[in-house]
2 protein chains.
Amino acid sequence: MDTTITTRQLQIGEEVRRLRTGLGLSVRTLAARAEFSPSFISQVEHGQVSPSIASLERIAAVLGVTIAGLLAPATEKLDAITRAGDRRRLASSWSKARIEDLGASGRLEAVIITIAPGGRSGKTPTSHAGEELGIVFEGDVSFTLGEDVHRLKRGDSVSFSSETPHLWENHGPEAAQIAIVSPRFTH
Amino acid sequence: MDTTITTRQLQIGEEVRRLRTGLGLSVRTLAARAEFSPSFISQVEHGQVSPSIASLERIAAVLGVTIAGLLAPATEKLDAITRAGDRRRLASSWSKARIEDLGASGRLEAVIITIAPGGRSGKTPTSHAGEELGIVFEGDVSFTLGEDVHRLKRGDSVSFSSETPHLWENHGPEAAQIAIVSPRFTH
DNA sequence: ACGGTCTGTTCATTAATACTGTACACTCGT
DNA sequence: ACGAGTGTACAGTATTAATGAACAGACCGT
């Protein structure tokens, strides 16, 4: 037989089961709605098969998620509140800035950055994988994105691919704060 | 033959091709590294096959992304700035609240909600698929999450699974603002 | 005790299709 | 004109996804 079971298949299987039981569905009813045999669903949940995208999609549809929802299962530390005065401080290479964690649970990762006057995220714009959404929480900042420099004020937001070279700076006389959120794609 | 081509398969194919050409790889070299035939890679890129998870993972590994990166490809409208006074207003069923778009590009979706005194997100806590990260931008709000009610002030943040019943309320005398970010899993 | 009906799992068999191999058409340097 | 690169088309097969039947256990009412 030699049924090879990979980690990812197990991961998907666990997520399917978690969602199915959460919806109060039995293996048979899920199978019926997705038009599969019950045994197949069981095998999927045990990671014994490597379903095709098309098959997974039919299963995901019944569970009310997209296929990506099955493949990037949320980490467990959800439902957490972080008080403004009680944030975990993160190490950083920024000059004159403090980076604090807003909770990196689930599929999102968020930090809030306090930049002292004259502080910036680096000497030159940086470029890395991923994507970011920034909201200016306090103060005035100048934000370099690619070729352009934007002056952002409280309430302004920016959504960009992290591959575009970017740089945050605080030229103003007072401390500025920006909240930055990015999607997690940890395996 | 009757080769059925689904939208999702095309989507994956386009993403594979985008990543491959971005890395300067030819169909043959990608095939060799992932240990597939060139024709198979071509078929995948054209959405003519529905590869198994295991196969897709081998391809994703060569391309330097996770499988979720292939399945939840970013939408194109990236690198956009939204000014505080220039946000697109969204329709909502909230009472005494204004919901504005912060840009739903890429894999993130963000809104900022202004709740008038006495306003709330609904009569009872709602529960739906997904996940949210909220940051109180202005004012005091009370936030119900499951059984607990939390009083949140400016700068406080909360990260939770949308499946947990939740409700936003503004009991204070002044308008409150919260920014909410969630990962997109739109097909 | 007894059916009856639900639950999920195992495993050999098969029907489907993922994947291959070969052939093709095309562009680019030499 | 050749060789070496590019990507694509298509018929075939070998893999395996998916099935079906039979299984053991839990629960219910009679």
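Just above, that's the structure.
Residues numbered from 1 in each chain as written. Chains lettered and ligands numbered in written order. Predicted model: local features only at pLDDT ≥ 70, side-chain atom pairs only at ≥ 80, totals over all residues.

**Q** Teacher, can you tell me more about the packing of helix H2 (residues 27-34) of chain B against helix H4 (residues 53-63) of chain B here?
**A** When two helices pack together, their arrangement is given by the angle between the helix axes and the distance between those axes. Residue and element names in this part refer to chain B. One way to put it is that H2 packs onto H4 with a least axis distance of 9 Å and a crossing angle of 115 degrees. For the crossing formed where H2 meets H4, the hand is right-handed. Packed against H2, whose contacting residues are Leu-30, Arg-33 and Ala-34, the element H4 presents Arg-58, Ile-59 and Val-62 at the interface. Grouping the amino acids of the contact of H2 with H4 by side-chain chemistry returns four nonpolar, no polar and two charged. (Axes fitted to C-alpha atoms, helices over the stretch in contact; angles between N-to-C directions. Helix = DSSP H or I, 4+ residues; strand = E, 2+ residues; numbered from the N terminus. Left-handed = near helix turned anticlockwise from the far one by under 90°. Contact = placed C-beta atoms within 7 Å. Nonpolar A, V, L, I, M, F, W, Y, C, P; charged D, E, K, R; others polar.)

**Q** Where do I start with the protein's contact with DNA strand D in this structure?
**A** Surrounding DNA strand D, one finds 20 residues, the nearest of these being A:Ser37, A:Ser39, A:Ser55, B:Ser26 and B:Ser39. Secondary-structure elements contributing two or more residues to the surface near DNA strand D are helix H3 (38-45) of chain A together with H2 and helix H3 (38-45) of chain B. Sort the elements by how many residues they give to the surface near DNA strand D and H3(B) lands first, with four residues. Its residues assigned to classes, the surface near DNA strand D comprises six nonpolar, twelve polar and two charged. (Near = placed C-beta within 6 Å.)

**Q** Help me out: how do you make sense of the pairing of strand E6 (residues 141-145) of chain A in this one?
**A** Residues and elements named next belong to chain A. Strand direction decides the pairing type here: E6 and strand E7 (residues 148-152), joined by five bridges, are antiparallel. Looking across to E7, one finds that Phe-143 is bridged to His-150. Following E6, the chain reverses through two residues before pairing antiparallel with E7; Gly-146 in that reversal takes a positive phi of roughly 70 degrees. In this structure, E6 lies alongside strand E9 (residues 166-169), joined through four bridges in antiparallel fashion. Paired with Ser-142 across the bridge in E9 is Glu-169. (Pairing = 2+ DSSP bridges.)

**Q** Help me understand the protein's contact with DNA strand C, please; the structure alone is not making it clear to me.
**A** Close to DNA strand C lie 21 residues, the nearest being A:Ser26, A:Ser39, B:Ser37, B:Ser39 and B:Ser55. Taken together, the elements giving at least two residues each to the surface near DNA strand C come down to helix H2 (27-34) and H3 of chain A together with H3 of chain B. Sort the elements by how many residues they give to the surface near DNA strand C and H3(A) lands first, with four residues. Here the surface near DNA strand C is built from residues that sort into seven nonpolar, twelve polar and two charged.

**Q** How should the relation of the copies chain B and chain A be read in this particular structure?
**A** The relation between the two copies of this chain is a rotation about an axis and a shift parallel to it. Overlay of chain B on chain A (RMSD 1.1 Å): rotation 180 degrees, translation along the axis 0.9 Å. The transformation just described matches what one would write down for a two-fold rotation axis. Taking C-alpha positions as the reference, the residue of chain B nearest the rotation axis is B:Ser52, at 1.5 Å. Interface residue correspondence from chain B to chain A reaches 98%, placing this contact among same-surface, isologous pairings. (Least-squares fit on C-alpha atoms with pLDDT ≥ 70 in both.)

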